[in-house]
Amino acid sequence: MNLNISISTGSSTPIYRQITDQVRHAVATGRLAVDEQLPSVRALAEELVLNPNTVARAYADLAREGLIESRPGRGVFVVRKRRVFSREEGRRRLEPLIDALIGEAMAMDFTPGQLVETFESKMRDWKYEEWSSSKR
Amino acid sequence: MKSEYVIRTHGLTRYFGANRAVYELDLKVPRGGIFAFLGRNGSGKSTVIRMLLGLLEATRGGGEILDCDISALGPEMRARIGYLTEEHQVYGWMSVRECEEFQSKFYPKWNENIFRGVVQHFGLKAEAKVKNLSRGERAGLCLGLTLAPDPELLILDDPALGLDPVARRSLVESMIQLTRRSDRTIFFSTHQLDDMERVADYVAVLDQGVLRACCPLDLFRDSVRQVQLRFSSNPPALPEIPGLIQAVRTDTAIRIVCVNYDEKVNEVLQSLKPDEMEISEIRLEDALISYLGRHGEKSFVLSETAQP
């Protein structure tokens, strides 16, 4: 399986969090399906040229969140996600990203209408509506 | 029984004349994993390494390496420690194969598979003459010679010095492979923070001969936070802040970097009544520069080499 994780050193995000963020994203968008197998710690560490302990830490965090589980003798798999963050915590994490988005849009002279339009078009690309209703 | 640390020093101190090169060093390197030793040029890293290997006498203090007193290392002990010096010392007139034959005579437990694996990884041919090797190839040869006796502890003094990106990547890969066995430890000094970030489990920071941090890399990162305080007019004077390592003032803002940011620090900063206050994570490089830069407060030491 190809996870397509890319790591950048010298970032303000530690490497283990770059991995957890990207796996979470892949699961949330369906690029990684439930019951799909992830590479072993060793294999991913080798592919990304990282200390295996870093990958192990990322996997441990994801397992604690209930996003993946290790099945003894078989490997690491994606499991059905339960909501981990409270609404409030989710909001706290999302808001800085929205701030950055609005700031960039203002700097580039987007009108509010153009920004909303672009945003909605992107949500359609991601099939956000269908994804959201499939969860109910 | 084997101790959980492969290197321990106690108040290790070295003067060169009146110059203090290393001062009261209490270094603990846990068994297993990769330990990065950071610091500016001339901060005393090589002096520490040479004392650890018994190549240089301490003025005061001492230490143990693989549970053996560093002032009494015999040949048997030295065979269990691999040491790669800053300048790679090999004879120009020898071929790669001859280097191996020559070096292997000194070691009863020479593993030629390790040697071949490493030199192939660096793209070296057995017949190539040492004098014709590039810097990266020469580094690969020396690394192979150092790894082939299968040492328990590998000490690398700035192994990435002068290497191109491809050779550096080979070096990093070799380091990761070597520590597949959980009882193998690498202790290395470097200025290559990108490589360090990929491989290191632990980090120690030496500043003008004084140990400023010695802990797991994740802890080092998690402990350092940057806070930006914005004011509508000139910022007030900073009160005492525990763990402060850097403070930079501008006309309407103060940016501070501090270790172990907590509720108490938060209260102190809030009491300055800034218009805006933003706490953010910091890049490893910036954290290190805050530790070592001119603005640094020298009061804070982060030390905790617990097992992960």
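Look up: the structure comes first, before these words.
Residues numbered from 1 in each chain as written. Chains lettered and ligands numbered in written order. Predicted model: local features only at pLDDT ≥ 70, side-chain atom pairs only at ≥ 80, totals over all residues. Heavy atoms only, no water.

1. Some words on the sheet that holds strand β15 (residues 276-280) of chain B
All names here are of chain B. As a reminder, the rule being used: Pairing between strands requires that DSSP locate at least two bridges from one strand to the other. The secondary structure listing takes helices from DSSP runs of H or I that are at least 4 residues long and strands from runs of E that are at least 2 residues long, numbered from the N terminus. Angles here are taken between N-to-C directions and fall from 0 to 180 degrees, while the axes themselves are lines fitted to C-alpha atoms, restricted in helices to the stretch in contact. We call two residues contacting when some pair of their heavy atoms lies within 4.5 Å.
Reading across the sheet, the four strands line up as β13-β14-β12-β15 and stay open at both edges, with antiparallel pairing between neighbours. Two strands close off the open sheet at either side, each with one partner strand: β13 (244-249) and β15. Looking at each pair of strands side by side, their axes are set apart by 15° on average, direction ignored. Bridge analysis of strand β12 (residues 224-230) against β15 gives five bridges, and the strand direction is antiparallel. Each bridged residue has a counterpart across the sheet, and for Gln228 the counterpart in β15 is Glu278. Lying on the sheet, helix α9 (residues 263-270) is in contact with β12, β14 (253-259) and β15; it crosses β15 at an angle near 155°. Along the sheet face, helix α10 (residues 284-292) touches β12, β13 and β14 and points at about 95° away from the line of β13.

2. A word on the nonpolar core
Residue and element names in this part refer to chain B. For the record, the criterion: For this analysis, a nonpolar core means a set of buried residues of the types Ala, Val, Leu, Ile, Met, Phe, Trp, Tyr and Cys, connected via side-chain atoms within 4.5 Å. Partly exposed residues are those whose accessible area sits between 20% and 50% of the maximum for their type, while under 20% is buried and over 50% is exposed, using a 1.4 Å probe and protein chains only.
Membership of the largest hydrophobic core comes to 56 residues, with the highest contact counts inside it found for Leu141, Phe188, Met196 and Phe220. Once residues within four sequence positions are removed from consideration, Met196 is found in contact with Ala36, Leu38, Phe188, Thr190, Leu217 and Leu284. Core analysis: the next-biggest nonpolar cluster, separate from the first, contains 31 residues, Leu25, Leu52, Ile65 and Ile155 among them.

3. Some points on the pattern of salt bridges
Defined as follows: Here a salt bridge means any side-chain nitrogen of Lys or Arg lying within 4 Å of a carboxyl oxygen belonging to Asp or Glu.
With the rule as written, the count across this model stands at 26 salt bridges over all chains. A salt bridge links Glu281 of chain B to Arg17 of chain A; the nearest nitrogen and oxygen atoms lie 2.5 Å apart. Within this pair, whereas Glu281 of chain B is found in the loop between β15 and α10, its partner Arg17 of chain A is found in helix α1 (residues 15-28), the two belonging to separate chains. Accessibility expressed as a relative area gives 27% for Glu281 of chain B, which makes it partly exposed. Here Arg17 of chain A falls in the partly exposed class, since its relative accessible area comes to 24%. Linked by salt bridges that have partners in common, Asp21, Arg24 and Glu65 of chain A make up one network.

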